[in-house]
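The residues making up each chain are set out below.
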Amino acid sequence: MSVTGEFEELYGVEPEGVWAAPGRVNLIGEYTDLNDGFVMPMALPHTAVAAVARRTDGALRIHSADVEGGVVLLDLDSLEPLSGDTGWAAYPAGVAWALREAGHPVTGADIHISSTVPTGAGLSSSAALEVVTALALNDLFGLGLSRPELAVLAQRAENAFVGVPCGVMDQMASACSVAGHALHLDTRDLSCRQVPFDLAARGLRLLVVDTRVKHALGDGAYAERRAGCEAGARALGVRALRDVPYAHLSEALARLDDETVRRYVRHVVSDNERVVRTIALLDAGDVRAVGPVLTEGHVSLRDDLRVSCAELDLAVEAANAAGALGARMTGGGFGGSAVVLVESLAADAVAAAVEKAFAEAGYAAPGIFPAVPSEGARRLSG
Ligand code: ADP
Ligand code: MG
């Protein structure tokens, strides 16, 4: 059944509209968004779709086709940040909460969601959920907020309501991407540029390898990396690590006594430079040369930031050994997904090699699919 039909069955009225927001994959620039730096995500064809209708009685009714448990009934006036008792519904509810906190007149809604974004695979199913809710409420209540404003409110929902200390990349990618492009985003001022990234026209493919693992270690490690980066910025007397020019990296490293902080600084400053280098290569039409930059980024995430894991390392190694142009883990690490740049003609062989390596290692079969740079959040109907 369509989301509209499902909505009508649940709530007994027609939705006022249907919206979609995609998941994302990050091409290059990892943990740089915690440091005011550059990132380069693109939207996936996978989306969270929401059918929504306004209410005027302060009630929020939220349903997902993808989880058990029926409709979650909430009252806008009694939403409690960080309470944990709303479960998955904290993501859309947090968006309504953040909008109201910012003074926007949201008076209630019925929401039904259905998503094709794999959850917990580092592909931002959470941001898709937030952004689709934010865009729907923005349209229905005539709030007139820009895409970056919606992304920031969605991030605030995840940080302050759900309690996940994420950067703004995921929400910006979901809200602002354009098909056929990667998004060069400056996470300090949220300025963006759409960088043409038409892989198919060049005989190339970007594969996502979902390792299907998520190591519990990840949660604390993220906060620890964030704290380490902040310590590095303080020690170097800069507002954020993005303010350390790559040309001054060796000098900066020589001023740091803490070995761990030094590794984190080296990762962030060099990965920021890898984003700049990737953009220069794409602008010059030299897309194949991006491959080795991806692999360099992986080595930095593995050895300096130390957020990779055996499954991600194996995906990257097996893909490169089978002739990929380059590969890296993407997202927060400790599981989740890797991206692999590959000649279209070699894509099947590379995917088969990764699957074989996983089977030989005794790992669960990975999910492998091409990442086609897709459209950002949009209204589908209504
Ligand atoms: P990621 O964003 O990388 O997929 P997260 O842990 O940030 O992983 O977000 C996943 C969480 O988002 C899920 O555990 C669930 O609470 C929520 N979520 C995502 N998609 C859906 C959906 N379709 N229906 C209900 N909840 C969802
Ligand atoms: Mg997420």
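One structure accompanies this document, and this report is about it. (Residues numbered from 1 in each chain as written. Chains lettered and ligands numbered in written order. Predicted model: local features only at pLDDT ≥ 70, side-chain atom pairs only at ≥ 80, totals over all residues. Heavy atoms only, no water.)

### Regarding the site of ligand 1
As a matter of local geometry, ligand 1 sits amid 15 residues, with Ser64, Asp66, Gly120, Ser125 and Ser126 nearest to it. Measuring from a nitrogen atom of ligand 1, one finds a side-chain N or O atom of Ser64 at 2.7 Å. A distance of 3.0 Å is found between an oxygen atom of ligand 1 and a side-chain nitrogen or oxygen belonging to Ser126. Computed on the free molecule, ligand 1 has an accessible area of 570 Å², of which 76% lies beneath the protein chains in the complex. Taken atom by atom, the bulk of ligand 1 overlaps the largest pocket. Ranked by the residues each element gives to the shell around ligand 1, the list is headed by helix α3 (residues 125–140), at 3 residues. Here the residues of the shell around ligand 1 sort into 6 nonpolar, 8 polar and 1 charged. (Near = heavy atom within 4 Å. Polar contact = N/O pair within 3.5 Å; in protein donor to acceptor, adjacent residues only side chain to side chain. Areas by Shrake-Rupley, 256 points an atom, 1.4 Å probe, with all protein chains shown as cover. 1 Å grid on protein atoms, 1.4 Å probe; cavity = no way out; pocket = protein on both sides within 12 Å on 5 of 7 lines; lining within 4 Å. Sits in = over half its atoms within 2 Å of the grid points. Helix = DSSP H or I, 4+ residues; strand = E, 2+ residues; numbered from the N terminus. Nonpolar A, V, L, I, M, F, W, Y, C, P; charged D, E, K, R; others polar.)

### What to know about helix α1 (residues 3–11)
Those residues of α1 that fall on the buried side of the exposure criterion are Val3, Gly5, Phe7 and Tyr11. Where α1 is buried, its residues touch β1 (17–26), β3 (41–54), β4 (59–64) and β6 (109–115). (Buried < 20%, exposed > 50% of the residue type's maximum accessible area, 1.4 Å probe, protein only. Contact = heavy atoms within 4.5 Å.)

### Quick look at the layout of surface pockets
Approximately 1,000 Å³ is the volume found for the largest pocket. Lining the largest pocket are 42 residues, and of these Gly120, Gly122, Ser126, Glu158 and Val164 lie nearest its centre. Its residues placed into classes, the lining of the largest pocket shows 16 nonpolar, 18 polar and 8 charged. Mapping the lining of the largest pocket onto the domain boundaries places at least three of its residues in each of domain 1 (3–194 + 374–381) and domain 2 (197–370). (Points joined across faces, edges and corners; volume = space filled by probe spheres on them. Domains from an automatic or database assignment.)

### Re helix α10 (residues 310–321)
Taking 1.5 Å as the rise per residue, α10 with 12 residues should run 16 Å; its terminal C-alpha atoms sit 16 Å apart, in good agreement. Of the surrounding secondary structure, the elements contacted by the buried residues of α10 are β9 (204–214), α9 (290–305), β10 (326–330), β11 (335–343) and α11 (347–361). Phi turns positive one or two residues past the end of α10, at Gly323, with a value near 105 degrees. (Expected span 1.5 Å × (residues − 1).)

### Regarding the nonpolar core
Counting residues in each nonpolar core, the largest one holds 81 residues, and the members touching the most others are Met40, Leu60, Phe197 and Leu206. With 9 residues, α3 is the single largest residue contributor to this core. The residues that make up this core include at least three from each of domain 1 (3–194 + 374–381) and domain 2 (197–370). (Core = buried A, V, L, I, M, F, W, Y, C linked by side-chain atoms within 4.5 Å.)

### Brief notes about the environment of Asp303
Take Asp303: it is sitting in helix α9. Residue classification places Asp303 among the partly exposed residues on the basis of a relative accessible area of 34%. For the pair formed by Asp303 and Tyr264, sequence separation is 39 residues and the distance between their alpha carbons is 9.8 Å. A polar side-chain atom of Asp303 sits 2.8 Å from a polar atom in the side chain of Arg302.

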